[in-house]
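Below are the chains, spelled out letter by letter.
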Amino acid sequence: MTRVELTDELVAAAATGDADARGAIYAILAPQVIGYLRARRADDPEGLTNEVFLKLLPQLSTLSGGAEGVRRLTFTIARARMVDAARARARAAPAVPYEPETDARVVASAEDAAHAALSLARVQAVLDVLPDDQREVLTLRVVADLSIEQIAAIMGRSVGAVKQLQRRGMVTIRQALAERRVTL
């Protein structure tokens, strides 16, 4: 299977309305956006990802900056949607607790769901030892595969500040693993 890269040429084709190019941009960036939103514990990462691309795709024809500009705008929109969702959740009425004994639905594969939840829970436990700004930097750097410069632009911080947050976050994770406060 050939991995398609996000290139300036692909972005230029998408900007002219090429449906295949737009689909390729979605295929390249959507998994990273979902991963970022899951790592940040968004309630509905798939739904928010859809909102991100509904906002992004119409803007491609006026966007400058090529592939880097698209990547930066994508994660800027994702971060904004995540913040908007958190604010809306804070204003919403409390959720009704789920009672599994009254739910008659059947799940296709509980084993797969359990493995996925356990993996995500372990990663989130590691991220939970970090302050929010370090968690944000490492999530954008590792899950979204963004450069330091792109992260700095998204977060509104200097490149030096982002590098320092990344370094401190990695040191904190190493210490937590060495002290067995978290495990992988």
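Residues numbered from 1 in each chain as written. Predicted model: local features only at pLDDT ≥ 70, side-chain atom pairs only at ≥ 80, totals over all residues. Heavy atoms only, no water.

### Structural notes on the packing of aromatic side chains
- A complete count under the given rule lists two aromatic pairs for this structure.
- A ring pair is formed by tyrosine 26 and phenylalanine 53, whose centres lie 4.8 Å apart and whose planes are at 70 degrees; its orientation type is edge-to-face. One end of the pair, tyrosine 26, is in helix H2 (residues 19-39); the other, phenylalanine 53, is in helix H3 (residues 45-56), and 27 residues separate them in sequence.
- A relative accessible area of 34% places tyrosine 26 in the partly exposed class.
- By relative accessible area, which is 3% here, phenylalanine 53 ends up buried.
- Aromatic pair tyrosine 36 and phenylalanine 75: ring centres 5.9 Å apart, planes at 85 degrees, arrangement edge-to-face. Remark: phenylalanine 75 occurs in helix H4 (residues 66-91) and tyrosine 36 occurs in helix H2; sequence separation between them is 39 residues. (Phe/Tyr/Trp six-rings, centres within 6.5 Å; stacked < 30°, edge-to-face > 60°. Helix = DSSP H or I, 4+ residues; strand = E, 2+ residues; numbered from the N terminus. Buried < 20%, exposed > 50% of the residue type's maximum accessible area, 1.4 Å probe, protein only.)

### Concerning the packing of H3 against H4
- Between H3 and H4, whose axes approach to 9 Å, the crossing angle comes to 130 degrees. In terms of their interaxial angle, H3 and H4 are classed as oblique. Crossing hand, H3 versus H4: right-handed. Residue-level contacts link Leu48, Glu51, Val52, Phe53, Lys55 and Leu56 of H3 to Val70, Leu73, Thr74, Ile77, Ala78, Arg81, Met82 and Ala85 of H4.
- Looking at the contact of H3 with H4 residue by residue, the class counts come to 10 nonpolar, one polar and three charged. (Axes fitted to C-alpha atoms, helices over the stretch in contact; angles between N-to-C directions. Parallel < 35°, antiparallel > 145°, perpendicular 65-115°, else oblique. Left-handed = near helix turned anticlockwise from the far one by under 90°. Contact = heavy atoms within 4.5 Å. Nonpolar A, V, L, I, M, F, W, Y, C, P; charged D, E, K, R; others polar.)

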